[in-house]
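Analysis of the macromolecular model
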Amino acid sequence: MEDKRRRARVQGAWAGPAKSQAIAQPAPTAENHLQQRPGQTWMNKEHRLSDRQFVFKEPQEVVRRAPEPQVIDKEGVYEISLSPTGVSRVCLYPGFVDLKEADSVFEQLCQDVPWKQRTGIREDVTYQQPRLTAWYGELPYTYSRITLEPNPHWHPVLLMLKNQIEENTGHTFNSLLCNLYRNEKDSVDWHSDDEPSLGRCPIIASLSFGATRMFEMRKKPPPEENGDYTYVDRVKLPLAHGTLLLMEGATQADWQMFTLPQKDSGTPTTSPGSVSTQGLHSNHGDGLERECSGKPDQKPLKLYGVGDPTAMFSSDSTYLSSRGSIIKWFWDSAEEGYRTYHMDEYDEDENPSGIINLGTSENKLCFDLLSRRLSQSDMLRVEPSLLQYPDWRGHLFLREEVARFLSFYCRSPAPLKPENVVVLNGCASLFSALATVLCEVGEAFLIPAPYYGAITQHVYLYGNVRLVCVYLDSEVTGLETRPFQLTVEKLEMALEGANSEGVKVKGLILINPQNPLGDVYSPGELQEYLKFAKRHELHVMVDEVYMLSVFEESVGYHSVLSLERLPDPQRTHVMWATSKDFGMSGLRFGTLYTENQDVATAVSSLCRYHGLSGLVQYQMAQLLRDRDWINQVYLPENHARLKAAHTYVSEELRALGIPFVSRGAGFFIWVDLRKYLPAATFEEEMLLWRRLLDNKVLLSFGQAFGCKEPGWFRLVFSDKTHRLRLGV
């Protein structure tokens, strides 16, 4: 600030005669003093000063003056700046809605829109937003650490205005934020609608009703100004009743916006807007405003979502702590289908009209192979060491066998080391333990979505860690080669978005093969994801629980442990279990491989709560070392049965005209039932799921996997043919 004052100051000095030329003035006598009139002494002093001259000196520095704002108040298209980002353009259309219709619209929206004052967070301090808002759109919208839940139920007047704007602008809009400013005290601070979820260069349309608002814009300063907006370009646009403002190009990247109502008006203002499904824009003024953002001629785009597992939480127990109530709520809310199935489970003899479970990812095809192997005499051994407390990392004989097993089946370039192995009771416990030891409370992991939804609970219940979904699209665009493809660009945008909301991301979760998509990442893709994580110092947890369940020969599977060199081995942690590849989800055996001894030790400490009995550890070691049985009996037969079941279900779906995604790995097909939804909402998806359950078929619905597009379901095919036939 001192520097600004110094630069703007006019430099000059008062000048007078040299001291050698000064004229002595006689001291006044008492008589003279008495004869002076009041004020005469000052007049004489002024008279003496008048002999001096003001000499102007040229300033040493260039005086900077803030430019006068450009006022735009006529209809037209105006290019307000050009930068490397692109052209910033505003389009002003006064009287877009005629006066009589605007009056009616304003009155209806003030009365009918479900206005709500929301709580914001700034620098970890909560405050009441000085305005009322309402959101319309198929997807949630997050800005300033506030998430507005999906609301597909548009008011008819809003739909009419949306269609009118689309017809006149040629752009397609599908989301809307309404802001109501009740008086001149309601406001919103300087801002840009540049959230990553809006995509690059979103279009913002704002339609205003009520009292005239002065919409102000200021250009973002260059880096050398260090955030000083004193000398930037500014634009002012008066937005009168019924005026449409369209902001295009690089406007959100290069400019900030701010608006105030005219204080001499007693009428509120309103401003509706429309653009593609990405976010919205806020203004402030005395009245109502609605704005939406997006890209022209494009379907809704949502790039990331910060999870809040307890957003819908409610407690009905007086006996539990708040933590216990949340844990109970997870069980109550997430296990409905599973509990219903167990109360009415299909059995061809005992309950032939029961529920067919095509929702739980279990391999039910190889019980005969497993039961014969696990019943052999070498599996039965009891000795004192197996009945005593073990090393919490797992017995050394088991960790040595796990290291040899993973070295062989993951094709590691060098033998893996037993000291980097920790064993415990399943991957669910592994996710929970890793989240607890790697993250502080409230921090997050990135995870591509759709994803195995139970991970939400795994990382939250103990560690209070959240997930930031990296949303994948069913449509192939740009350089993508397949639906729901994960790219580094999507990871970068999700990370940037989470950071902008004040969420600290500590790691990335990868499932390979992916659940529910069945995607298998190539070595090149794995390297790209790991390098992204290294750039941002993120841990990477790689879940390879389906690595031996790739049944299509044309699909080449590559473990992350097969890479010649890991970009950041101290932050790369690999997990595997027998629950999927060996059809033993009830046995509960899982293992972690990490070169980070701090992480291994911390997870081992938690194994006292998640450990395996000595007898089970012995059985697992025996099974994993029997390479002949695994390679010659189990894996070939298991792959053949998985492929046959997959082929049967795929052909049935094609015959029914049902699209699906399947890659030849895992136990599931990602089925597209969107055409059976009367409306593309998650409410309709849930209704369809319940209708299927009522008709004795249990599937898993897409919202449980964090899928952003309603209508996708996971269908598990790893079951006997007669049950598949009944279910399909």
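Scroll up to find the structure.
Presented here is a report on the structure given in the accompanying data block. (Residues numbered from 1 in each chain as written. Predicted model: local features only at pLDDT ≥ 70, side-chain atom pairs only at ≥ 80, totals over all residues. Heavy atoms only, no water.)

1. Brief notes about the overall build of the protein
Just so we agree on the cut-off: Secondary structure elements are defined from DSSP: runs of H or I of at least 4 residues count as helices, runs of E of at least 2 residues count as strands, and each element is numbered from the N terminus. Residue exposure (1.4 Å probe, protein chains only): buried if accessible area is under 20% of the type maximum, exposed if over 50%, otherwise partly exposed. Every residue pair with non-hydrogen atoms within 4.5 Å of one another is taken to be in contact.
Assigned secondary structure in the protein consists of 21 helices and 32 strands. Counting every position in the protein, which comprises 728 residues, the buried fraction comes to 52%. For the protein, restricting intrachain contacts to residue pairs at least 6 apart in sequence, the fraction spanning at least 24 positions comes to 73%.

2. Brief notes about the sheet that holds strand E32 (residues 712–716)
Under the convention used in this document: Criterion used throughout: strands pair if DSSP finds at least two bridges between them. Helix axes are fitted to C-alpha atoms over the stretch in contact, other axes to C-alpha atoms as well, and angles between N-to-C directions run from 0 to 180 degrees.
Read from one edge to the other, the open sheet built from four strands follows the order E28-E29-E32-E31, with strand pairing classed as antiparallel. Across the chains shown, the open sheet's two edge strands, defined by having one partner strand only, are strand E28 (660–661) and strand E31 (700–701). For strand E29 (residues 668–672) and E32, the ladder comprises five bridges, and the chain directions are antiparallel. Across the sheet, the residue bridging to Phe-668 is Val-716, located in E32. Against the sheet, helix H20 (residues 682–694) engages E31 and E32, with an angle of about 30° to E32.

3. Considerations on the packing of aromatic side chains
Which entries qualify depends on this criterion: Within 6.5 Å between ring centres, the rings of Phe, Tyr and Trp (the latter by its six-membered ring) count as paired, and their orientation is classed by plane angle as stacked under 30 degrees, edge-to-face over 60, tilted in between. Throughout this description, the term charge over a ring refers to an Arg CZ or Lys NZ atom that lies within 6 Å of the ring centre and within 35 degrees of the ring normal.
Applying the stated criterion to the full structure yields 20 aromatic pairs. Between the aromatic rings of Phe-405 and Phe-582, the centroid separation amounts to 6.5 Å while the plane-to-plane angle is 50°, which identifies the pairing as tilted. Remark: Phe-582 occurs in the loop between helix H16 (578–581) and strand E27 (590–594) and Phe-405 occurs in helix H11 (residues 396–409); sequence separation between them is 177 residues. Each member of the pair, Phe-405 as well as Phe-582, carries the same accessibility label: buried. Taken together through their ring pairs, the aromatic side chains of Phe-405, Phe-408, Tyr-409, Trp-576, Phe-582, Trp-629 and Tyr-634 make up a single cluster. Of note, Arg-627 hangs over the ring of Phe-408, and the distance from its end group to the ring centre comes to 4.6 Å.

4. Describing the packing of helix H8 (residues 336–343) against H20
The line we're drawing: We call two directions roughly parallel when the angle between them is under 35 degrees, roughly antiparallel when it is over 145, roughly perpendicular when it lies between 65 and 115, and oblique otherwise. Gly falls in the polar group here, along with every residue not listed as nonpolar (Ala, Val, Leu, Ile, Met, Phe, Trp, Tyr, Cys, Pro) or charged (Asp, Glu, Lys, Arg).
The geometry of H8 relative to H20 is characterised by a closest axis approach of 12 Å and an angle of 10° between their N-to-C directions. Between H8 and H20, the angle is such that the two are roughly parallel. In this structure, H8 contributes Glu-336, Gly-337 and Thr-340 to the contact, and H20 contributes Trp-689, Arg-690 and Leu-693. For the contact of H8 with H20, the per-class residue count stands at two nonpolar, two polar and two charged.

5. Description of the sheet that holds strand E24 (residues 505–511)
Taken together, the eight strands give an open sheet; going across it, the order is E19-E23-E22-E24-E25-E26-E27-E21, and neighbouring strands pair in mixed fashion. Only two strands of the sheet have a single partner each, and these edge strands are strand E19 (304–306) and strand E21 (421–424). Within the sheet, the average angular offset between the axes of one strand and its neighbour, ignoring direction, is 20°. Bridging between strand E26 (residues 572–577) and E27 involves five bridges; their strand directions are antiparallel. Each bridged residue has a counterpart across the sheet, and for His-573 the counterpart in E27 is Thr-594. Here H11 sits on the sheet and contacts E21, E26 and E27; the angle it forms with E21, its principal contact strand, is near 110°.

6. Some thoughts on the environment of Ser-88
Note the cut-off: The term polar contact refers here to a pair of N or O atoms within 3.5 Å; inside protein, the definition further demands a hydrogen-donor-capable atom paired with an acceptor-capable atom, and it admits residues adjacent in sequence only when both atoms are side-chain atoms.
Within the secondary structure, Ser-88 is located in strand E5 (residues 86–93). When its relative accessible area of 0% is taken as the criterion, Ser-88 is described as buried. Considered as a pair, Ser-88 and Thr-251 are 163 residues apart in the sequence and their alpha carbons are 4.4 Å apart. The contacts of Ser-88, once residues within four sequence positions are left out, are Tyr-78, Glu-79, Ile-80, Ser-81, Glu-248, Ala-250, Thr-251, Asp-254 and Trp-255. Side-chain polar atoms of Ser-88 contact the backbone oxygen of Ala-250, separated by 3.4 Å. At 3.5 Å, the side chain of Ser-88 and the backbone nitrogen of Thr-251 are in polar contact.

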